Every structure is written in structure tokens, then in C-alpha cells.
Amino acid sequence: MDPGDGDFEAFVAARGPRLLRMAWLLTGDAHLAEDLLQTTLAKVWPKWHRISGERPEAYVRRALVHTHASWWRRRWRGEVPHREVPDAAASFDAYESVDLAQSLAAAVRSLPVRQRAVVVLRYFEDLSVEDTAATLGCAPGTVKSQSAKALRTLRAALPVPVDGGERGV
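Source: prediction; values computed, not measured.

Caption draft 1: Structural detail: helix H6 (residues 113-124). Here H6 is 12 residues long and its end C-alpha atoms lie 15 Å apart, about the 16 Å a rise of 1.5 Å per residue gives. Most of H6 sits inside the fold, with 9 of its 12 residues counted as buried. Of all the positions in H6, only Val113, Gln115, Arg116, Ala117, Val118, Val119, Val120, Leu121 and Arg122 are classed as buried.

Okay, here's the thing in C-alpha cells:
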């Protein structure tokens with residue numbers, strides 16, 4: 001056991017739930033999210049002594065996105081059945097927020113990998129354009145364009161308007 005292992009364990013204990021949430025948002029499946037996070041942490045652990053000094057969470061987030069993208073490229077994406085989205089009810093529906101959350105999760109999962117990563121990092125992880133670009137290894141303009149495309153797709157897919165917020169997209 002390496003002396004830096006305690007630091008790694010402390011990092012995983014402190015940041016693990018947030019990283020697991022990010023993995024779930026990328027995969028849309030709790031079990032796949034656990035596998036994705038475990039695979040990513042296994043890849044990062046041997047390099048921990050080198051990356052633990054500055055911004056290790058950004059490094060792990062980037063590794064998580066790249067690992068997910070490599071999984072996504074290998075996965076067969078054949079026919080996927082779709083149901084018609086029901087019309088919005090005029091009266092109060094106690095389950096409306098749950099339906100909207102499920103619709104949003106499905107719509108986010110249907111985005112291309114790069115757009116999904118941008119949406120997760122920008123709007124769920126609350127990273128700036130610059131931090132998102134650094135995490136994905138691309139230009140800030142790419143983050144903005146991918147974000148705009150993703151929001152356009154989400155607006156078309158969801159039964160209620162989706163606001164892009166004050167992010168400048």
C-alpha cells in the first residue's frame with residue numbers, strides 16, 4: 001500500500017457521491033454508473049501520486065467522460081422503441097415533476113455523447129464554459145455550440161419549455 005493511498009481514499013470518500021451522480025447522468029443507469037465510476041477510479045489510482053497535487057477532481061471528471069465515450073463508441077445502438085409523448089394535462093398532476101424528470105433524463109440520454117457530456121458538465125455539475133472546455137479538451141466555442149445544439153434538441157423533445165438559464169448559450 002502506497003503512502004498516497006490514504007489521500008486517494010479520502011478523495012473518493014469526499015467526491016465519490018458527486019462523481020457517481022455525474023456517471024449516472026452520463027449513463028442513465030445506476031448499475032452502469034457504478035461500473036463507469038469504478039473503472040475510471042481504477043484507471044486513475046496508479047497515477048494518483050502525479051495528479052493529486054492540482055485539481056484532481058477535474059482530472060477524474062475528464063477521465064470519467066472519456067471512459068464513458070469509449071464505452072459508448074463500442075456499444076451497439078440498434079433500434080430503440082419510442083412511445084409517443086402524451087399531451088400535457090390541463091389540470092394539476094401530482095406526478096408531473098416525476099414525469100418531467102424522467103422525460104428529461106431520457107432526452108439527455110438520447111443526445112450524442114459530446115453534447116451529453118457538455119450538458120452534464122455545464123448544467124448538472126455547474127461548470128463554467130472554460131472549465132467544461134478544459135475537462136473535455138476542446139475550445140470554449142465548441143462547448144458553446146454543443147450546448148446550443150443540445151438545448152435545441154432538448155427543447156424539441158420535452159413537453160414543456162427548457163430554459164437555458166443565464167449561461168450565455
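Caption draft 2: Spotlight on the side chain of Glu57. The residue Glu57 is located in helix H4 (residues 56-74) in this model. For Glu57, a relative accessible area of 13% translates into the label buried. Of the polar contacts made by the side chain of Glu57, one reaches the side chain of Arg15; its length is 3.0 Å. Apart from the residues lying within four places of it in its own chain, the contact partners of Glu57 are Phe11, Arg15 and Arg18.

What counts, and at which threshold
- Per-chain numbering applies: the sequence of each chain, read as written, is numbered from 1 onward.
- The predicted origin of the model limits local features to residues at a pLDDT of at least 70 and limits the giving and counting of side-chain atom pairs to 80 or more, whereas totals for whole chains, interfaces and linings rest on all residues.
- The side-chain quantities take in all heavy atoms of the structure and omit both hydrogens and water.
- Helix and strand definitions here come from DSSP, where helices need a minimum of 4 consecutive H or I residues and strands a minimum of 2 consecutive E residues; each element is numbered from the N-terminal end.
- Expected helix span is given by 1.5 Å per residue-to-residue step, counting one fewer step than there are residues.
- For every residue, the accessible area (1.4 Å probe, protein chains only) is compared with the maximum for its type, and the residue is labelled buried under 20%, exposed over 50%, or partly exposed between those bounds.
- Polar contact criterion, stated in full: a pair of N or O atoms within 3.5 Å, where within protein one must be able to donate a hydrogen and the other to accept it, and residues adjacent in sequence count only if both atoms are side-chain atoms.
- Throughout, a residue-residue contact means that at least one pair of heavy atoms, one from each residue, lies within 4.5 Å.

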